[in-house]
Amino acid sequence: MFQVAYYCFREGKIMIEIQITPAIFEYDVQSLVQAFYPGEPFSVNKEVEEAERSVQVSFDDCTITVKVTREGQIRAEEQLTLQEKCLDESQRRLVKNELKKILYRTFVKDTGKELPWGNLTGIRPAKIPALMLEQGMGEEEIRNHMKKEYLISDKKLDLAMQVANSERTLLQDFDYKNGYSLYVGIPFCPTTCLYCSFTSFPIKRYEDKIDRYLSAVIKEMEFLGEKLIGRELNTVYIGGGTPTTLKPEKLDRLIAALKKNFDFGTVREFTVEAGRPDSITKEKLQVLKKHGVDRISINPQTMNEETLKIIGRKHTVSQVLDAFKMAREAGFDNINMDFILGLPEENEEMIRYSFDEASKLKPESLTVHSLAVKRASRLSMNKQRYQKLKMENDTELMDIAGEYARKLGMEPYYLYRQKNMAGNQENIGYAIPGKECLYNVLMMGDYQDVWAVGAGAVTKLMSKDRLEGKRIDTLKNVDLYIERIDEMIGRKAEGFK
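Q: So what's going on with the overall build of the protein chain? Residues and values would help.
A: When you go through the protein chain residue by residue, the secondary structure sums to 18 helices and 19 strands. Every one of the 497 residues in the protein chain was classed for burial, and the buried ones make up 56%. The long-range share in the protein chain, meaning contacts at least 24 apart out of those at least 6 apart in sequence, stands at 72%. Total accessible area computed for the protein chain in this model is approximately 22600 Å², and 47% of it derives from carbon and sulfur atoms.

Q: Which residues make up the environment of Glu426, and what are the values?
A: With respect to the element layout, Glu426 can be found in the loop between strand 15 (411–416) and strand 16 (427–431). Sequence-wise, Glu426 and Ala372 are 54 residues apart; in three dimensions their C-alpha atoms are separated by 9.4 Å. Excluding residues that lie within four positions of it along the chain, Glu426 makes contacts with Trp117, Lys156, Leu159, Val368, His369, Ser370, Met398, Tyr416, Arg417 and Met421. Side chain to side chain, Glu426 and Trp117 meet in a polar contact 2.8 Å long.

Q: Quick rundown of the side chain of Lys101? Include the residues and the values.
A: Along the chain, Lys101 falls in helix 2 (residues 92–111). The buried category is assigned to Lys101, whose relative accessible area is 6%. When residues no more than four places from it in sequence are discounted, the contact partners of Lys101 are Asn119, Lys148, Glu149 and Leu151.

Q: Quick one: what's the story with the nonpolar core, residue by residue and with numbers?
A: Core analysis: the biggest nonpolar cluster contains 119 residues, and Val184, Tyr213, Met221, Leu258 and Phe262 have the highest contact counts within it. Per-element tally for this core: the top contributor is helix 7 (residues 210–227), with nine residues. When neighbours within four sequence positions are excluded, Leu258 is seen to be in contact with Leu182, Val184, Met221, Val236, Ile238, Phe264 and Phe270. In terms of nonpolar packing, the next biggest core, distinct from the first, is built from 14 residues, Leu32, Tyr37, Val95 and Leu99 among them.

Q: Describe the environment of Asp322, naming the residues involved and giving the relevant values.
A: Considering the arrangement of structural elements, one finds Asp322 in helix 11 (residues 317–329). Judged by relative accessible area, Asp322 falls into the partly exposed class, the value being 46%. On a C-alpha basis, the gap between Asp322 and Pro277 in space is 8.1 Å, while along the polypeptide they are 45 residues apart.

Q: Help me get a handle on helix 9 (residues 282–290), residues and values and all.
A: Three or more residues of helix 9 are buried, namely Lys284, Leu285, Val287 and Leu288. Looking down the long axis of helix 9, one finds its buried residues gathered within 155 degrees of arc, a one-sided arrangement. More than 90 degrees from the buried face of helix 9, the exposed residues found are Gln286 and Lys290. Contacts made by the buried residues of helix 9 are with helix 8 (248–261), strand 11 (269–275), strand 12 (295–298) and helix 11.

Q: Please provide a residue-by-residue account of the packing of helix 2 against helix 4 (residues 139–150), values included.
A: Where helix 2 meets helix 4, the axes come as close as 9 Å, and the angle between the chain directions of the two elements is 65 degrees. Here helix 4 runs roughly perpendicular to helix 2, going by the angle between their axes. Touching Asn97, Glu98 and Lys101 of helix 2 are Lys148, Glu149 and Tyr150, all from helix 4. For the contact of helix 2 with helix 4, the class distribution of residues is one nonpolar, one polar and four charged.

Q: Before we move on, can you summarise the side chain of Asp449 with the specific residues and values?
A: Inspection of the secondary structure assignment puts Asp449 in strand 17 (residues 449–453). Since its relative accessible area comes to 14%, Asp449 is described here as buried. Sequence-distant contacts of Asp449, that is, excluding residues within four places in its chain, are made with Gly179, Tyr180, Ser181, Arg231, Lys460, Leu461 and Met462.

Q: So what's going on with the packing of aromatic side chains? Residues and values would help.
A: Evaluated as defined, the whole model comprises 17 aromatic pairs. Ring centres 6.1 Å apart and planes at 20 degrees place the aromatic pair Tyr414 and Tyr416 in the stacked group. The pair Tyr414 / Tyr416 is uniform in exposure class, with both members buried. In this structure an aromatic cluster arises from ring pairing among Phe188, Tyr206, Tyr213 and Tyr481. Its end group placed over the ring of Tyr404, Lys407 keeps NZ or CZ at 5.5 Å from the ring centre.

Calculation criteria
- Residues numbered from 1 in each chain as written.
- Predicted model: local features only at pLDDT ≥ 70, side-chain atom pairs only at ≥ 80, totals over all residues.
- Heavy atoms only, no water.
- Helix = DSSP H or I, 4+ residues; strand = E, 2+ residues; numbered from the N terminus.
- Buried < 20%, exposed > 50% of the residue type's maximum accessible area, 1.4 Å probe, protein only.
- Contact = heavy atoms within 4.5 Å.
- Areas by Shrake-Rupley, 256 points an atom, 1.4 Å probe, with all protein chains shown as cover.
- Polar contact = N/O pair within 3.5 Å; in protein donor to acceptor, adjacent residues only side chain to side chain.
- Core = buried A, V, L, I, M, F, W, Y, C linked by side-chain atoms within 4.5 Å.
- Arc of directions from axis to C-beta.
- Axes fitted to C-alpha atoms, helices over the stretch in contact; angles between N-to-C directions.
- Parallel < 35°, antiparallel > 145°, perpendicular 65-115°, else oblique.
- Nonpolar A, V, L, I, M, F, W, Y, C, P; charged D, E, K, R; others polar.
- Phe/Tyr/Trp six-rings, centres within 6.5 Å; stacked < 30°, edge-to-face > 60°.
- Lys NZ or Arg CZ within 6 Å of the ring centre and 35° of its normal.

As far as function goes, none of this settles anything; it's purely spatial.
Right, here's the structure in full:
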């Protein structure tokens with residue numbers, strides 16, 4: 001039995017309770033429910049009482065039946081017959097897709113709205129057409145499939161197809177399948193932003209542990225460097241957190257060890273996430289340039305001072321401008337800027353102002369994120385405190401960002417999605433041709449193995465068909481990571497068996 005029940009209380013609130021059997025479809029159904037009823041409270045697999053509105057999906061060998069009732073009246077009923085028993089593992093993907101289509105149509109009838117990405121709940125929407133292109137399918141055939149299976153809007157389908165074709169072009173001139181990428185995590189920041197759920201610790205509280213942390217990271221590097229001899233390293237990405245919270249001499253120590261343990265002769269791109277402009281100095285930029293870093297990211301998220309204060313960025317717009325100027329003077333000719341749409345109290349006018357200011361700087365790429373409220377963020381954990389804040393995003397606002405990107409000569413080249421994204425939108429990277437971030441494409445498209453070192457860093461090892469992968473997690477807590485570094489290395493050793 002598969003059941004989704006909605007409780008409508010008299011004060012106008014909705015409580016969503018979900019019963020799922022089998023549990024393998026739990027994530028997909030939750031994602032759809034949250035997309036149609038954003039911000040509404042929900043629980044999973046608790047006892048469901050009689051509801052005014054309900055959706056029931058019963059598995060009976062070959063049949064899935066959906067009945068939607070409201071105040072005792074049947075609103076919709078659909079029946080699907082499959083060729084084999086529904087719960088066969090070989091049929092799991094088919095069952096899931098058909099189930100999501102039925103539920104999607106049901107929720108559209110109940111709410112009167114459609115989602116821009118249809119019933120797609122996965123985080124890599126361009127991966128589906130990319131795989132089909134690899135299999136030799138034509139664009140018209142792929143488009144028909146995407147419309148039929150995922151009920152996707154034409155605008156988002158155009159975007160997914162453009163990104164899939166862009167990825168194909170970017171990767172055509174090297175053997176990425178036999179190469180790998182490397183991620184180095186530096187989990188420290190000047191402050192923790194309101195929306196942040198990444199592994200991030202205040203740098204001031206951890207200054208006396210930085211050397212021990214770097215020693216642990218270098219120990220992981222030494223292990224991986226030896227194990228991966230003979231394989232081509234294609235891209236390197238130092239992220240976080242904010243790597244440039246490290247003092248110049250610490251940055252130098254980190255990157256020197258990195259280059260000592262890995263052959264950079266085949267590296268096509270070396271990125272450091274400078275991130276917070278209040279962490280950038282001339283001395284740090286000089287260290288990065290000395291070691292051959294060829295791409296950095298300076299991330300204001302917004303160019304509106306009042307929003308920066310609300311989200312706890314603790315820096316000013318003038319610091320963004322200063323950091324960008326310093327980076328240009330240091331010789332960096334590939335600078336990305338991150339922005340978030342859906343930030344508290346931001347409207348169209350404020351968003352246009354942010355991109356007007358960014359356009360004056362002429363970055364080589366823009367990464368446009370849709371705000372996603374994660375459980376580990378302060379925005380989620382203290383939701384009562386922030387519940388009056390207005391946070392909105394939609395396709396029209398995302399189009400504004402795209403409009404500015406194209407005026408700068410940029411085209412979309414990678415995209416991904418997350419749970420609880422404002423307006424059911426996406427994160428998308430725009431770049432001037434030739435300035436795309438290869439690491440983002442390789443990692444987000446599941447094109448190759450990505451080995452990762454550092455607290456909270458996740459290694460992804462892909463199967464040859466790119467459909468399955470193995471994750472190797474690392475402890476997020478800095479103290480535990482340092483203390484149990486041999487165990488972290490042991491986990492990675494399993495990836496070579």
